[in-house]
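# Structure assessment
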Amino acid sequence: QPKLKVLVSFYQIGATLGPVYGVRLHESLTRWTDILDAFSLDVLGLTYPDSCIGSMRARILLSALWPILVILLGAAALASHTVAVWLMSDRA
């Protein structure tokens, strides 16, 4: 488990060096991170350009809250389905 934490921390630092500081790591160090980039959870970046969302504060807030909204919508859908099944079982 400690080795995994070190690996994840290295990835997080290495992934931000380029966009934030303009530093490029050697390809032998970053080759394996290309696989992890495929699993990015940047849903907003896939759907809308950053300039369409608004200020950086709005983008960060939206990026932080969308997973919570998805979970709440899923829970509401599950609750609605459970209530509908319960109501239909009483009528039979």
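The residue count restarts for each chain, going from 1 along the sequence in the order it is written. Confidence filtering applies because this is a predicted model: local features only for residues at pLDDT of at least 70, side-chain atom pairs given and counted only at 80 or more, and all residues used for totals across whole chains, interfaces and linings. Think of the side-chain values as coming from all heavy atoms in the structure, minus any hydrogens and water.

## Focus on the overall build of the protein
What counts here: By definition, any uninterrupted DSSP run of H or I lasting at least four residues is a helix, any uninterrupted run of E lasting at least two residues is a strand, and each is numbered from the N terminus. A 1.4 Å probe rolled over the protein chains alone gives each residue an accessible area, and that area as a share of the maximum for its type sets the label: buried under 20%, exposed over 50%, partly exposed in between. Note on areas: Shrake-Rupley with a 1.4 Å probe; residue coverage comes only from the protein chains shown.
Regarding its fold elements, the protein presents 6 helices and 0 strands. Starting at the N terminus and walking to the C terminus, you meet the elements of the protein as α-α-α-α-α-α. Sorting the 92 residues of the protein into buried and exposed places 4% on the buried side. Working note: accessible area of the protein is about 8,200 Å², and carbon and sulfur atoms make up 70% of it.

## Focus on helix α1 (residues 2-21)
Residues spaced three or four apart along an α-helix face the same direction, because each turn holds 3.6 residues. Stated formally: Between the first and last residue of a helix there are one fewer steps than residues, each counted as 1.5 Å, and that sum is the expected span.
For α1, spanning 20 residues, the distance from its first C-alpha to its last is 27 Å, which sits close to the expected 28 Å at 1.5 Å a residue. Directly beyond the C-terminal end of α1, a positive phi value near 75° is found at glycine 22.

## What to know about the confidence of the model for the protein
Detailed reading of the predicted model is not advised wherever pLDDT is low. What counts is decided by this rule: pLDDT is a residue-level measure of predictor confidence that goes from 0 to 100.
On average, the protein scores 80 in pLDDT, and the residues at 70 or more come to 85%. Mean pLDDT across the elements of the protein ranges from a minimum in helix α4 (residues 43-47), with 68, to a maximum in helix α6 (residues 56-91), with 89.

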